[in-house]
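These are the residues of each chain, in order.
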Amino acid sequence: MSDDLKTPLLDELEKGPWPSFVKDLKQMASKKPMVKDLLRQLEKSYRDKRGYWKHGGLVGIMGYGGGVIGRYTALPDEFPGVSHFHTLRVNQPSGWFYTSKALNELMDIWDAHGSGLLNVHGSTGDLVFLGTVTDELEPTFRDLTAKDWDLGGSGSDLRTPSCCVGPARCENACYDTLALTYDLTHKYQDELHRPMFNYKYKIKMSGCPNDCTAAIARSDMGIIGIWKDDIQVDQAAFAEYVDSGMDIQGSVVDKCPTGCISVEGKEIKIDNSNCVKCMHCINTLPKALRVGKERGAAVTIGAKAPIVEGALFGSVMIPFMKMDNFEDMHDLIERIWEFWDEHGKNRERIGECVERIGLATFIEGIGLDPVPQMVKQPRDNPYIFYEEYYEEES
Amino acid sequence: MGFEFNGKFYETDDDGYLTNLDDWNQEVANYIAQQEGIEMTESHWEVVNFLRDYYSEYKIAPMIKILIKEMKKMFGPEKGNNAYLYQLYPAGPALQACKIAGLPKPTGCV
């Protein structure tokens, strides 16, 4: 293996004012030979327009079924440095709050045992350690746990629960996303580390409908903060926005998806019964408007990316639930898992399972009553007869 | 790939799973277990025997949830759970127990 590194295609990605992962990799390559081979393989991939990673592999930590993703190059003779290049998922703290001491600890561990490359953070939520050899997996894990870190989920298990910054830094948070994430992570350790589901199950927690974790699109179970009463209005602060010359009509009133906002003089009026909680007015006028006082969370089920079946958005299962304690949430999660376990097929996400067997069967199975919020679109076929109709007939 | 044991050559795949289902016997299972650092006890055999029975009936290794459910049915809840299975087979019941049971490598996205 020669020491020179020629990567004309990758070098293109270093041009321009934006940050470049190539720059990062090259920096690390001077220290870690495996990263040099990583760059070489990537260059070849760019040239040949195909990937050279083999899929999956049988690696893990003793006692855990998840948390390590096996990566092997398909060209070990050409790129021996990445003949193993396994990924470890490290369970992140709620809301991704680290002290600099904690980050230093993690970097030291990964410098000692792996490529030194981090992905902070992956779309799973975890902090990701990129690239090490099989023999270093157990030592890495030992050092992580010695500092009270743990691995996250992978494979057919509960993926590491993940949340937005929530009430720690955001005035819109309708419940304590950080506390719920912490609670679920601890309560479901077995499900997180030892895969036994049909497929993955992701729970994401967002404090308000801005949905900073994209729970509606990227989690099998999204727990999204919401309020039940009226948007809080500070009319004096609103008048200041008007006086500042802001285009209230164009940037707020006209943009309300249900047209439930009107302005009279310097006063804003909101028809809360028609509000769909899109957050636009609150985001645009943060000093004048705030989320309501009666707060809780809505639960959506079934979002996923297109792998086995096409992509799905989450559907509302529970339009509002109080979040004073988390026992109702545990109860709901366990009922869903039990149902999915009973009726789901191998490699079938909960959203696909619900589509296949039908929403009505699903909500009956987990003991939920139908509510209008579950309706996707109004019925356009009038020839539907309910059970009550037949009872009257007979 | 493969290994020699008691004067006979056993063919395996890259990860050490027996290629021929019929090559399997108790001695070879013990040998593979030993290589995995596992001493086979009666509890270990319960899992391996179930896997073999299931495979001979359905020609596929059971999903973990089915393994757990059936273990629960046969031996009660203290043996029908994932933590117990990981105690017996620390690298995971699907991977390690299947290898010892002489079944093909379970597929799926890990």
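Computed from a predicted model, the values in this text were never measured in an experiment.

**Focus on the overall build of chain B**
Okay, so step 1: For chain B, the count of helices and strands is 5 helices and 2 strands.
Okay, so step 2: Traced from its N-terminal end to its C-terminal end, chain B shows the element sequence β-β-α-α-α-α-α.
Okay, so step 3: Taking 110 residues into account, the globule formula puts the C-alpha radius of gyration at 13 Å, and chain B, at 13 Å, falls close to it.
Okay, so step 4: A buried classification covers 45% of the 110 residues belonging to chain B.
Okay, so step 5: Counted over contacts in chain B with a minimum sequence separation of 6, partners at least 24 positions apart contribute 48%.
Okay, so step 6: Here chain B has roughly 5,700 Å² of accessible surface; of this, 49% comes from carbon and sulfur atoms.

**Observations regarding the pattern of salt bridges**
Residues and elements named next belong to chain A.
Okay, so step 1: Tallying each qualifying case throughout the model produces 26 salt bridges over all chains.
Okay, so step 2: A salt bridge links K31 to D111, with the shortest nitrogen-to-oxygen separation between them at 3.2 Å. Here K31 is found in the loop between α2 (21–29) and α3 (33–48), whereas its partner D111 is found in helix α4 (residues 100–113), with 80 residues between them in sequence.
Okay, so step 3: Classification of K31 as exposed rests on a relative accessible area of 52%.
Okay, so step 4: We note a salt bridge from R349 to D220, for which the minimum N-O separation is 2.8 Å. Of this pair, R349 sits in the loop between α12 (327–343) and α13 (350–357) while D220 is found in the loop between α8 (215–218) and β9 (221–227), placing the two residues 129 residues apart along the sequence. The same class applies to R349 and to D220, which are both buried.

**Some details on the nonpolar core**
Okay, so step 1: Core analysis: the largest hydrophobic core is formed by 71 residues, its most contacted members being A:Y201, A:M221, A:I223, A:M329 and A:F362.
Okay, so step 2: Among residues more than four places away in sequence, those in contact with A:F362 are A:I301, A:M317, A:I336, A:F339, A:I350, A:V354 and A:I357.

**Overview of the sheet that holds strand β6 (residues 127–130) of chain A**
Residue and element names in this part refer to chain A.
Okay, so step 1: The 4 strands lie next to each other as β2-β4-β6-β5, forming an open sheet whose pairing is antiparallel. Sheet topology places β2 (68–69) and β5 (117–119) at the edges, where each strand pairs with a single neighbour.
Okay, so step 2: Relative to β6, β5 runs antiparallel, the two being bridged by 3 bridges. Looking across to β6, one finds that L118 is bridged to F129.
Okay, so step 3: Sitting on the sheet, helix α5 (residues 137–146) touches β2, β4 (87–90) and β6, and the angle it makes with β4 is about 15°.

**Considering a nonpolar patch on the surface**
All names here are of chain A.
Okay, so step 1: On the surface, L9, L13, F21 and Y46 cluster together into a nonpolar patch covering about 330 Å² of accessible area.
Okay, so step 2: Inspection of the secondary structure assignment puts L13 in the loop between α1 (8–12) and α2.
Okay, so step 3: Look at L13 and you get partly exposed, because its relative accessible area is 33%.

**Brief notes about the interface of chain A and chain B**
Okay, so step 1: Of the residues lining the interface, 21 residues belong to chain A; the matching set on chain B comes to 17 residues.
Okay, so step 2: Taken together, the two surfaces of chain A and chain B that pack against each other cover about 1,600 Å², and 59% of this comes from carbon and sulfur.
Okay, so step 3: Across the pair B:K69 and A:D341 runs a salt bridge whose closest N-O atoms are separated by 3.5 Å.
Okay, so step 4: Linking chain A with chain B are 7 residue pairs in polar contact (both at pLDDT 80 or more), by the criterion used here.
Okay, so step 5: By residue class, the composition of the side of chain A that touches chain B is 8 nonpolar, 8 polar and 5 charged.

**With respect to the environment of A:R71**
Okay, so step 1: Inspection of the secondary structure puts A:R71 in the loop between β2 and β3 (72–73).
Okay, so step 2: Through-space distance from the C-alpha of A:R71 to that of A:S244 is 57 Å; in sequence the pair is 173 residues apart.

**As for the packing of helix α2 (residues 42–58) of chain B against helix α3 (residues 64–75) of chain B**
All names here are of chain B.
Okay, so step 1: Two numbers describe how α2 lies on α3: the axes approach to 11 Å, and their chain directions differ by 115°. The handedness of the crossing between α2 and α3 is right-handed. Along its contact with α2, which presents E46, V47, F50, L51 and Y54, the element α3 presents I66, L67, E70, M71, M74 and F75.
Okay, so step 2: Classifying every residue of the contact of α2 with α3 gives 9 nonpolar, no polar and 2 charged.

**As for the domain arrangement of chain A**
Okay, so step 1: Annotation of chain A at the domain level lists domain 1 (8–146), domain 2 (162–228 + 295–374) and domain 3 (232–290).
Okay, so step 2: If you average the C-alpha positions of domain 1 of chain A and of domain 3 of chain A, the two centres end up 47 Å apart.

**Overview of the sheet that holds β9(A)**
All names here are of chain A.
Okay, so step 1: Strand order across the open sheet formed by 5 strands is β7-β8-β9-β14-β15, with mixed pairing between neighbours. Because the sheet does not close on itself, it has two edges, and the strands there are β7 (162–163) and β15 (315–321).
Okay, so step 2: Of the strand pairs in this sheet, β9 and strand β14 (residues 295–301) are connected by 7 bridges, and their pairing is antiparallel. Considered in β14, the bridge of I224 is made with A298.
Okay, so step 3: Along the sheet, helix α6 (residues 177–187) makes contact with β7, β8 (203–206) and β9, crossing β8 at roughly 160°.
Okay, so step 4: Where α12 meets the sheet, it contacts β8, β9, β14 and β15, and its direction lies at approximately 145° from that of β9.

**A look at the environment of A:E43**
Residue and element names in this part refer to chain A.
Okay, so step 1: Locating E43 in the fold gives a position in helix α3.
Okay, so step 2: Placed 253 residues apart in sequence, E43 and G296 show a C-alpha to C-alpha distance of 50 Å.
Okay, so step 3: Contacts of E43, omitting those with residues within four sequence positions, involve K6, T7, P8, L9 and L10.
Okay, so step 4: One polar contact links the side chain of E43 to the main-chain amide nitrogen of L10, over a distance of 3.0 Å.

**A short note on the state of the cysteines**
Residues and elements named next belong to chain A.
Okay, so step 1: Enumeration according to the criterion identifies 0 disulfides over all chains in this entry.
Okay, so step 2: With no disulfide of its own, C170 lies 5.5 Å from the sulfur of C208, the closest cysteine sulfur.
Okay, so step 3: Residue C260 stays outside any disulfide, its sulfur separated by 3.7 Å from that of C256, the closest cysteine.
Okay, so step 4: Judged by relative accessible area, which is 8%, C260 ranks as buried.

Rules and cut-offs
- Numbers given for residues are sequential positions, taken from 1 along each chain in its written order.
- Chains and ligands are labelled by the order in which they are written, letters from A for the one and numbers from 1 for the other.
- Two thresholds apply to this predicted model, a pLDDT of at least 70 for residue-level local features and 80 or more for giving and counting side-chain atom pairs, whereas whole-chain, interface and lining totals are computed over all residues.
- In computing side-chain properties, one takes all heavy atoms of the structure into account and sets aside hydrogens as well as water.
- Secondary structure follows DSSP: runs of H or I at least 4 residues long count as helices, runs of E at least 2 residues long count as strands, and numbering of each begins at the N terminus.
- Radius of gyration here uses only the C-alpha atoms, and the compact-globule reference equals 2.2 Å multiplied by the residue count raised to the power 0.38.
- Exposure categories follow from relative accessible area, calculated using a 1.4 Å probe and restricted to protein chains: below 20% of the type maximum is buried, above 50% is exposed, and the middle band is partly exposed.
- Residues count as neighbours in contact if any of their non-hydrogen atoms are within 4.5 Å of one another.
- Values of accessible area rely on a 1.4 Å probe in the Shrake-Rupley scheme; residue burial ignores everything except the protein chains shown.
- The rule for a salt bridge is simple: a side-chain nitrogen of Lys or Arg has to be within 4 Å of a carboxyl oxygen of Asp or Glu.
- In this text, buried Ala, Val, Leu, Ile, Met, Phe, Trp, Tyr and Cys residues form a nonpolar core when linked through side-chain atoms within 4.5 Å.
- Strand pairing follows a simple DSSP-based rule, namely that at least 2 bridges must link the two strands.
- Inter-axis angles, ranging from 0 to 180 degrees, are taken between N-to-C directions of lines fitted to C-alpha atoms, where helices are fitted over the stretch in contact.
- Only residues above 30% relative accessible area that lack a salt bridge enter a patch, with like-charged residues linked at up to 9 Å and the nonpolar side chains Val, Leu, Ile, Met, Phe, Trp and Tyr linked at up to 5 Å.
- Once two parts are joined, some of their accessible surface, as seen by a 1.4 Å probe, is lost; buried area is that loss totalled over both.
- Any pair of N or O atoms that falls within 3.5 Å is considered a polar contact. Within protein, one atom must be able to donate a hydrogen and the other to accept it, and sequence-neighbouring residues count only if both atoms are side-chain atoms.
- All amino acids are sorted into three groups, where Ala, Val, Leu, Ile, Met, Phe, Trp, Tyr, Cys and Pro are nonpolar, Asp, Glu, Lys and Arg are charged, and the leftover types, Gly among them, are polar.
- In this scheme the handedness of a crossing depends on how the near helix is turned from the far one: anticlockwise by less than a right angle means left-handed, clockwise means right-handed.
- How far each domain reaches was decided by an automatic or database domain assignment.
- Two cysteine sulfur atoms form a disulfide, by the criterion used here, when they sit within 2.5 Å.

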